[in-house]
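Survey of secondary and tertiary structure
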Amino acid sequence: FPRPAQQPRPPILVAASGKRLLALAAREADIIALAVPPLEGPAALKDKIDWLRESAGDRFPQLELNSNLTAVGQQLPEWIARRMNITIQQLIEADSPSALTGDVDQMCQQLLERREAKLTQRPHRFWSTRELPRLAERDHELALDANASDHRHDPAQALAVEGGGEDRDQRA
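Residues numbered from 1 in each chain as written. Predicted model: local features only at pLDDT ≥ 70, side-chain atom pairs only at ≥ 80, totals over all residues. Heavy atoms only, no water.

Turning our eyes to something else, we now look at the overall build of the chain. Broken down by element type, the chain carries 8 helices and 6 strands. If you list the helices and strands of the chain from N to C, you get β-α-β-α-β-β-α-α-β-α-β-α-α-α. By element, 50% of the accessible surface of the chain is carried by carbon and sulfur atoms, the whole surface being about 9900 Å². (Helix = DSSP H or I, 4+ residues; strand = E, 2+ residues; numbered from the N terminus. Areas by Shrake-Rupley, 256 points an atom, 1.4 Å probe, with all protein chains shown as cover.)

Structure follows, in C-alpha cells:
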C-alpha cells in the first residue's frame, strides 16, 4: 500500500453526540464533528464541548471541533426544512448553534464567539447562499493567522472554501 500523504497518518474524524462516543472521540480522534440537533440551543453545544474538554484532558487543545451549519442568513435550504421539519424562525428562536443569522456583522460575531469556544463550522455542501461571499470578504477580521494556508480553525475561510458554487438545493 502507498504511504499516506499526511504524516504520521490521515486525521481521524469521529462524529459524536452522546457522552460515551464523545469520550471515545476525545481519546482517539483528531477532529470531532459534534452532532447537535438544530433546535437545541447553545447550552447543548456547550455541554458537549465541556464533556470533550473533561475527557480529552491535555489533548483538548489539539482537537478540532466542528459542526455543520444548517442555515446562513435568512436562508434555510428547502430540502433541509422538509427533512428536519424546521423553519428559519424556529432556528432563530432556539438561538441554534447550527445557524448563522442576522446581518453580516452579527454573523461574523457569532463565528467569533463559536471560535472562542473552539468550534469551526462549515455550511452543508449541497447549498449556497449569497451571504457566504460577504462573510468571506470579512476573512481578514476573522482569521487567526493572516498567513495561514490551513483553514481548519478559521470559520470564515472554511465558509469561503466549502460554501458557494451554484445553487444545489434542487438536487437533494
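The structure having been displayed, the exposition proceeds.
With respect to the helices and strands, the residue D50 is situated in helix α2 (residues 42-56). In this structure, the C-alpha to C-alpha distance between D50 and A117, residues 67 residues apart in sequence, is 9.8 Å.

Here we come to the pattern of salt bridges. By the definition in use, this model includes 4 salt bridges. Ionic pairing is found between E78 and R82, a salt bridge with its closest N-O pair at 2.7 Å. Placement of both E78 and R82 in helix α3 (residues 78-84) is noted, with a separation of 4 residues, approximately one turn of the helix. Judged by its relative accessible area of 54%, E78 is exposed. Overall, R82 belongs to the exposed group, its relative accessible area being 55%. (Salt bridge = Lys/Arg side-chain N within 4 Å of Asp/Glu carboxyl O. Buried < 20%, exposed > 50% of the residue type's maximum accessible area, 1.4 Å probe, protein only.)

Here the focus is helix α1 (residues 19-28). Within the sequence span of α1, burial applies to L22, A23, A25 and A26. One side of α1 carries all its buried residues, which in axial view fall inside an arc of 165°. For α1, the secondary structure elements touched by its buried residues are β1 (13-16), β2 (31-34) and α2. (Arc of directions from axis to C-beta. Contact = heavy atoms within 4.5 Å.)

Attention now goes to the confidence of the model for the chain. Scored by pLDDT, the chain comes out at a mean of 77, with 70% of its residues at no less than 70. Within the chain, the lowest mean pLDDT, 38, falls on helix α8 (residues 155-162), and the highest, 95, falls on α1. Contacts of residues 143-172 to residues separated by more than four positions or lying in other chains number 58 contacts, the stretch itself having pLDDT below 50. (pLDDT = per-residue confidence, 0-100.)

Now for the nonpolar core. Membership of the largest hydrophobic core comes to 18 residues, with the highest contact counts inside it found for I32, L34, L52, F60 and L65. For this core, the secondary-structure elements that each account for two or more residues are β1, α1, β2 and α2. Looking at this core element by element, the count peaks at 5 residues for α2. (Core = buried A, V, L, I, M, F, W, Y, C linked by side-chain atoms within 4.5 Å.)

Enumeration over the complete set of coordinates arrives at 0 aromatic pairs. Sitting over the ring of F60, K118 keeps its end group 5.6 Å from the ring centre. (Phe/Tyr/Trp six-rings, centres within 6.5 Å; stacked < 30°, edge-to-face > 60°. Lys NZ or Arg CZ within 6 Å of the ring centre and 35° of its normal.)

Here T101 shows up in the loop between β5 (99-100) and α5 (104-116). Note on T101: relative accessible area 16%, which makes it buried. With residues near it in sequence (within four places) discarded, T101 still touches G73, I88, I92, Q106, M107 and Q110.

Burial along β1 is one-sided: the face carrying V14 and A16 is buried and the face carrying L13 and A15 is not. Examined bridge by bridge, β1 and β2 share 4 bridges and lie parallel to one another. Among the inter-strand pairings, A15 is bridged to a residue of β2, identified as A33. Traced from β1 through α1 to β2, the parallel crossover comes out right-handed. (Pairing = 2+ DSSP bridges. Right-handed = clockwise from strand over helix to strand, strands pointing away.)

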